[in-house]
Amino acid sequence: VLLGFPISMCGIFMHLTNYYQPNVQCYVVRILWMVPIYSIQSWLCLRYINVAIYIETLRDFYESYVLYSFFQFLVEVLQGEEQLTLMLKDKSPTRGVHMWGLQWCVKPWLMGQPVSRRVSFTPDR
């Protein structure tokens, strides 16, 4: 925490002062905020044990928001969802195979548009 918090805050500050690609940098800043939020959340949970479950719930909400932001960051960097879909289709079919034990619980999935549709909030075209 003592090292990660200042480095993350410096990265956030640098991105905000050099905000030349706002469509990409907004996602980077959202991802970089995870370190300060996690460190503050950890301290608050240690300090206020009674409300730790509520603080952890808020952290989990932010974590899911960051996962969505990371996917949107990838879409933005790879010039759109169609480009991302084409890149995923080019991957090896063995990438969709689950580790040992999960093949009985979860079906293997194909790379490409179905994966992108499951993660994205955009309606089907």
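Residues numbered from 1 in each chain as written. Predicted model: local features only at pLDDT ≥ 70, side-chain atom pairs only at ≥ 80, totals over all residues. Heavy atoms only, no water.

A short note on helix H5 (residues 81-89)
- Within H5, burial applies to Glu81, Leu84, Thr85 and Leu88. The buried residues of H5 occupy an angular sector of 100° when the element is viewed end-on, so they sit on one face. (Buried < 20%, exposed > 50% of the residue type's maximum accessible area, 1.4 Å probe, protein only. Helix = DSSP H or I, 4+ residues; strand = E, 2+ residues; numbered from the N terminus. Arc of directions from axis to C-beta.)

Quick word on helix H3 (residues 34-47)
- Under the 1.5 Å per step criterion, the end-to-end length of H3 is 20 Å for 14 residues, consistent within 8% with the ideal 20 Å.
- For H3, the full list of buried residues reads Pro36, Ser39, Gln41 and Cys45.
- Tucked into the core, H3 has its buried residues touching helix H1 (4-17), helix H2 (22-32) and helix H4 (52-77). (Expected span 1.5 Å × (residues − 1). Contact = heavy atoms within 4.5 Å.)

Comments concerning the side chain of glutamine 41
- Relative to the assigned elements, glutamine 41 resides in helix H3.
- Polar side-chain contacts of glutamine 41 include one of 3.3 Å to the side chain of arginine 59.
- Not counting residues within four places of it along the chain, the set of residues in contact with glutamine 41 comprises Ile55, Glu56 and Arg59. (Polar contact = N/O pair within 3.5 Å; in protein donor to acceptor, adjacent residues only side chain to side chain.)

With respect to the packing of H2 against H3
- Running from amino to carboxyl end, H2 crosses H3 at an angle of 20°, the nearest separation of the two axes being 5 Å. In terms of orientation, H2 lies roughly parallel with respect to H3. In contact with Arg30, Ile31 and Leu32 of H2, H3 contributes Met34, Val35 and Pro36.
- Of the residues assigned to the contact of H2 with H3, the class counts are 5 nonpolar, no polar and 1 charged. (Axes fitted to C-alpha atoms, helices over the stretch in contact; angles between N-to-C directions. Parallel < 35°, antiparallel > 145°, perpendicular 65-115°, else oblique. Nonpolar A, V, L, I, M, F, W, Y, C, P; charged D, E, K, R; others polar.)

Observations concerning the side chain of arginine 59
- Position of arginine 59 relative to the elements: it lies in helix H4.
- Among all residues touching arginine 59, those that are not within four sequence positions of it are Tyr38 and Gln41.

Focus: the packing of aromatic side chains
- Per the stated rule, a full pass over the model turns up 2 aromatic pairs.
- Judged by centre distance (6.0 Å) and plane angle (50°), the ring pair of tyrosine 62 and tyrosine 65 falls under tilted. Linking tyrosine 62 with tyrosine 65, this pair stays in helix H4, spanning 3 residues, or about one helical turn.
- Above the plane of the ring of tyrosine 38 lies arginine 59, whose end atom (NZ or CZ) is 5.2 Å from the centre. (Phe/Tyr/Trp six-rings, centres within 6.5 Å; stacked < 30°, edge-to-face > 60°. Lys NZ or Arg CZ within 6 Å of the ring centre and 35° of its normal.)

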